[in-house]
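# Structural features, examined
Single-letter residue listing:
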Amino acid sequence: MQTRTYTFILLLLLLSGCNHQIHQQQFYIFGTLVGISIWGVSEQKASEAINTIAKDFQSMHHNWHAWQKSPLTDLNQAIAAGQVWTEPSLLPLLKKSKHLYNQSDGLFNPAIGQLIKLWGFHSDDLSSEFIPPSPEKIAELVALAPSMEDIHSEGNQIYSTNRGVQLDFGAFAKGYAVDLAIEKLRQLGVQNAIINAGGNLKAIGKKGDKPWLIGIRHPNGTDILAAVAVSGEESVISSGNYERFREYEGVRYSHIIDPRNGKPAQGFSSVTVIARSGALADAASTALTVAGLQDWHRIARQMGIKYVMLVDEKGIVYVNPAMAKRVQFPADKKPQIIVSKPL
Ligand code: ADP
Ligand code: MG
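Every value quoted in this text rests on a predicted model; they were computed, and no experiment measured them.

With that out of the way, let us pick up the side chain of D150. Mapped onto the secondary structure, D150 falls in the loop between helix 6 (135-143) and strand 4 (151-154). The side chain of D150 is buried and forms no salt bridge, while K98, the nearest opposite charge, is found at 8.6 Å. Setting aside anything within four residues of it in sequence, one finds D150 in contact with A145, Y159, S160, T161, N162 and V165.

This is the structure in structure tokens:
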């Protein structure tokens, strides 16, 4: 009798062990590696969930692509031709990004697609030959003053009152995609997970009885700069010039463009924002990169951001006090850290 009880308990332990493993998978999409970790469900449930998310990411990638034919490039063509376009699938994206545009004083500006293209970033291969555009051409596009305020919708119809607008959602698509993917995981019964789309990450729940531990990449592109523990629902999103950039005569040009002067942003080589919403954290990480040392604090406040870490081109780390309490640096590689006023 006792032996049977032991066997039963052992079997239960084994089964619960199986049920509570971590399930991980990676796939390449959005021009980046997407990693999913799920904890606390059966292997079958995890793999079904991962397949569903992979399919969703595929279709978002297709729908929002800024330079290969997509519903977005169709809309951009219509805008350039001064036409009205019907594309209901893009409406939530437009609405959200218009709000974030206003919150960031227009530093996050997905309407500057022409400038992004001019700087050679509408390409998967950034190692191809590159010559910076002429100051005249840049000035011409800046003078068109493309803004999210130019975009209007009535029902499902979308139009722009400025033909210079070309939409590019590169600065917030991945953050928004992880929001949607986490929502889908929840619907599928997954309570503990991380989705990481190339440094744009969102987590829910925990890894067993411990929080998820997230590594934030060093702007040198290889090392880990810091770690942060995350539990509950939070996004940890980084923007940087270490992955996508152009080079000419030894000068590096970031893929983040300052809409005010049409030039690649300078000053910060990486900016990490933690917020519940991935879309907000992604838009903010881009906006704060543009804002630079002078304005990042004001813009972060305006966007309601509570945790920021910025690394300048010399490797100096700036953090707000709440973020300083959360990030852990490796003992042997502690950078110079400057703690700002509270946000
Ligand atoms: P990452 O892709 O490394 O996560 P970002 O979130 O900052 O970095 O996105 C950068 C992309 O956003 C650029 O490749 C470009 O497509 C677009 N972009 C560049 N500058 C801006 C800007 N000021 N506002 C909105 N989108 C931008
Ligand atoms: Mg961003």
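That was the structure; now back to the text.
This next bit is on the coordination of the magnesium ion (ligand 2). The protein atoms donating to the magnesium ion (ligand 2) are A171 (O), D282 (O), D282 (OD) and T286 (OG1), with metal-donor distances spanning 2.1 to 2.5 Å. The motif formed by the donor residues of the magnesium ion (ligand 2), counted along the single chain, is A-x110-D-x3-T. Placement of A171 in the loop between strand 5 (157-160) and helix 7 (173-187) and of T286 in helix 8 (residues 278-302) is noted, with a sequence separation of 115 residues between them.

In this section: the sheet that holds strand 16 (residues 307-312). If you trace the nine strands from one edge of the open sheet to the other, you get 1-2-6-7-10-15-16-17-19, paired in mixed fashion. Each of the sheet's edge strands pairs with one partner strand only, and the pair in question is strand 1 (22-29) and strand 19 (337-339). Ignoring strand direction, the axes of neighbouring strands in this sheet form an average angle of 10°. Pairing geometry for strand 2 (residues 32-39) and strand 6 (residues 192-197), over six bridges, is antiparallel. From the neighbouring strand, I36 faces strand 6, where its bridge partner is I195.

Turning next to the site of ligand 1. Near ligand 1 lie 20 residues; those nearest to it are N109, S239, I257, D282 and T286. Taking N109, its main chain carries an N or O atom lying 2.8 Å from a nitrogen atom of ligand 1. In this structure, I257 approaches ligand 1 through a main-chain N or O atom, which is 2.8 Å from a nitrogen atom. Out of a free accessible area of 570 Å², ligand 1 has 94% covered by protein chains. The set of elements that each furnish at least two residues to the shell around ligand 1 consists of strand 10 (234-240) and helix 8. Broken down by element, the residue count for the shell around ligand 1 peaks at three residues, all from helix 8.

The subject of this paragraph is the packing of helix 4 (residues 91-103) against helix 8. Angle between the axes and distance between the axes: these two values describe a pair of packed helices. Across the interface, helix 4 lies against helix 8 with an axial gap of 10 Å and an inter-helix angle of 10°. Taken together, helix 4 and helix 8 sit at an angle that is classed as roughly parallel. Of helix 8, the residues touching helix 4 (which contributes L100, N102 and Q103) are A279, L280, A283 and Q302. Along the lines of polarity and charge, the residues of the contact of helix 4 with helix 8 split into four nonpolar, three polar and no charged.

What counts and what doesn't
Residues numbered from 1 in each chain as written. Chains lettered and ligands numbered in written order. Predicted model: local features only at pLDDT ≥ 70, side-chain atom pairs only at ≥ 80, totals over all residues. Heavy atoms only, no water. Helix = DSSP H or I, 4+ residues; strand = E, 2+ residues; numbered from the N terminus. Buried < 20%, exposed > 50% of the residue type's maximum accessible area, 1.4 Å probe, protein only. Lys, Arg positive; Asp, Glu negative; His and termini not counted. Salt bridge = Lys/Arg side-chain N within 4 Å of Asp/Glu carboxyl O. Contact = heavy atoms within 4.5 Å. Donors = N, O, S within 2.8 Å, 3.2 Å for Na, K, Ca; no water. Pairing = 2+ DSSP bridges. Axes fitted to C-alpha atoms, helices over the stretch in contact; angles between N-to-C directions. Near = heavy atom within 4 Å. Polar contact = N/O pair within 3.5 Å; in protein donor to acceptor, adjacent residues only side chain to side chain. Areas by Shrake-Rupley, 256 points an atom, 1.4 Å probe, with all protein chains shown as cover. Parallel < 35°, antiparallel > 145°, perpendicular 65-115°, else oblique. Nonpolar A, V, L, I, M, F, W, Y, C, P; charged D, E, K, R; others polar.

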